Amino acid sequence: MRIGVPTEIKKQESRVGLTPESVGELVRAGHEVVIQDSAGLGSGFQNEDYTAVGAKILPDADAVFKAAELIVKVKEPQPEETARLTPDHTLFTYLHLAPDPVQAAGLMKSGCLAIAYETVTDAQGGLPLLRPMSQVAGRMSMQVAAWALMRTKRGRGILLGGVPGVMPSKVVIIGGGVSGTHAAEIAVGMRADVTVFDRNNRRLDELDSEFRGSLKTMYSTAHSLGEAIKDADLVIGAVLIPGAAAPKLISREQLKTMKPGAVLVDIAIDQGGCFETSHATTHEDPIYEVDGVLHYCVANMPGAVPRTSTYALNNATLPFVMQIANKGAREAINANPHLANGLTVDGGKIAHEAVAQDLGEDYVRPAWLKSPG
């Protein structure tokens, strides 16, 4: 199969779809790989790193899209990229379509087959292609929050972990999944006062055991969360409903009860965000203020640490890229029900039920798709 990797063009995005090591594996398996000129520079990969393992460098995105059958990216395609897609293309990348009707319309118009990293599953019921970036975003959330809490950034002017004789920051983490757990690990390590909210009692029990009492756990209700944020210095939104838009768990009215200079970090912003006042920002201008509360809502947090993120992502995506390349997209999807769960757009229609519901579009199951089991 002919596989193409274009340069990511979303603002402040420096990751790349395939590492040279991944390209080498694909070439050894008999596939052709084309890389846009300098696509890997942001992650520390030179053109020569790719040509050394058998890839071909092409001058621009137009050439890559024309040469390739399978397009492997990191972030959702921007309008100029969806315009390059055709019914002959398979697109494999993060899509996060539920809150993005413009992108959905572009993909439907293209006629391509699009598989979303974020809804591919595994045998344990997890999301293996979302997990590595959730890990990065969870850990990063504490780095950026500690930075935002400084008075020089308009925060409350407090140290996350305090010092002897001075109380640490109060941290509320909404969601005990992958990103929430990794945020908690760093927050506890920085000696903050941490409470994790979730609606899964089993997960709360696991967190209590895993952290051996070094954090608090709370069952999440509108009342319990509303009370907790009043005293919080920092709130991390880490709620995920696979494929669907994130629920709005903190309202504009509740925001007014928070301390001036408190910080919200919305890890769920890719799926629309879990605070009513959230809107996507960039690494270039990451923070804005509403009612005295700082919001950090960067939609591609892992893009700030592209080398770590690219390697972590490729470790998870390469087996699926190999399956698509070896079998062809439709055969690979029919052979692997977990890959089938990532199928989102095909032949101009939305092929993922949760995404279709949130977009207000009809869900159309492709005629070629085999029944589960």
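As a reminder, the structure under discussion sits directly above these lines.
Bear in mind that the values here come from a model prediction, so they are computed numbers and not experimental data. (Residues numbered from 1 in each chain as written. Predicted model: local features only at pLDDT ≥ 70, side-chain atom pairs only at ≥ 80, totals over all residues. Heavy atoms only, no water.)

Caption draft 1: Geometry of the packing of helix α1 (residues 20–28) against helix α11 (residues 306–327). Across the interface, α1 lies against α11 with an axial gap of 10 Å and an inter-helix angle of 15°. Relative to α11, α1 is oriented roughly parallel. Judged by the twist between their axes, the crossing of α1 over α11 is right-handed. Mapping the contact onto sequence places E21, S22, E25 and L26 in α1 and Y311, N314, L318, V321, M322 and A325 in α11. Here the contact of α1 with α11 is built from residues that sort into 6 nonpolar, 2 polar and 2 charged. (Axes fitted to C-alpha atoms, helices over the stretch in contact; angles between N-to-C directions. Helix = DSSP H or I, 4+ residues; strand = E, 2+ residues; numbered from the N terminus. Parallel < 35°, antiparallel > 145°, perpendicular 65-115°, else oblique. Left-handed = near helix turned anticlockwise from the far one by under 90°. Contact = heavy atoms within 4.5 Å. Nonpolar A, V, L, I, M, F, W, Y, C, P; charged D, E, K, R; others polar.)

Caption draft 2: Geometry of the pairing of strand β7 (residues 170–174). Of all 5 residues in β7, 4 are buried, a share of seventy percent or more. Inspection of the sheet shows β7 paired to strand β8 (residues 193–198) by 5 bridges, in the parallel sense. Bridging across to β8, K170 finds its partner in D193. You can see the chain leave β7, run along helix α7 (residues 178–189) and come back into β8, and the turn it takes is right-handed. In terms of strand pairing, β7 meets strand β10 (residues 234–237) through 4 bridges, oriented parallel. Within the sheet, the bridge partner assigned to V172 lies in β10 and is V235. (Buried < 20%, exposed > 50% of the residue type's maximum accessible area, 1.4 Å probe, protein only. Pairing = 2+ DSSP bridges. Right-handed = clockwise from strand over helix to strand, strands pointing away.)

Caption draft 3: The packing of helix α6 (residues 131–148) against α7, seen in detail. At their nearest, the axes of α6 and α7 sit 7 Å apart, and the two run at 35° to each other. Judged by the twist between their axes, the crossing of α6 over α7 is right-handed. The segment α6 lies against α7, with R131, S134, Q135, G138, R139, S141 and M142 engaging V178, S179, H182, A183, E185, I186 and A187. Across the contact of α6 with α7, the residue classes break down as 5 nonpolar, 6 polar and 3 charged.

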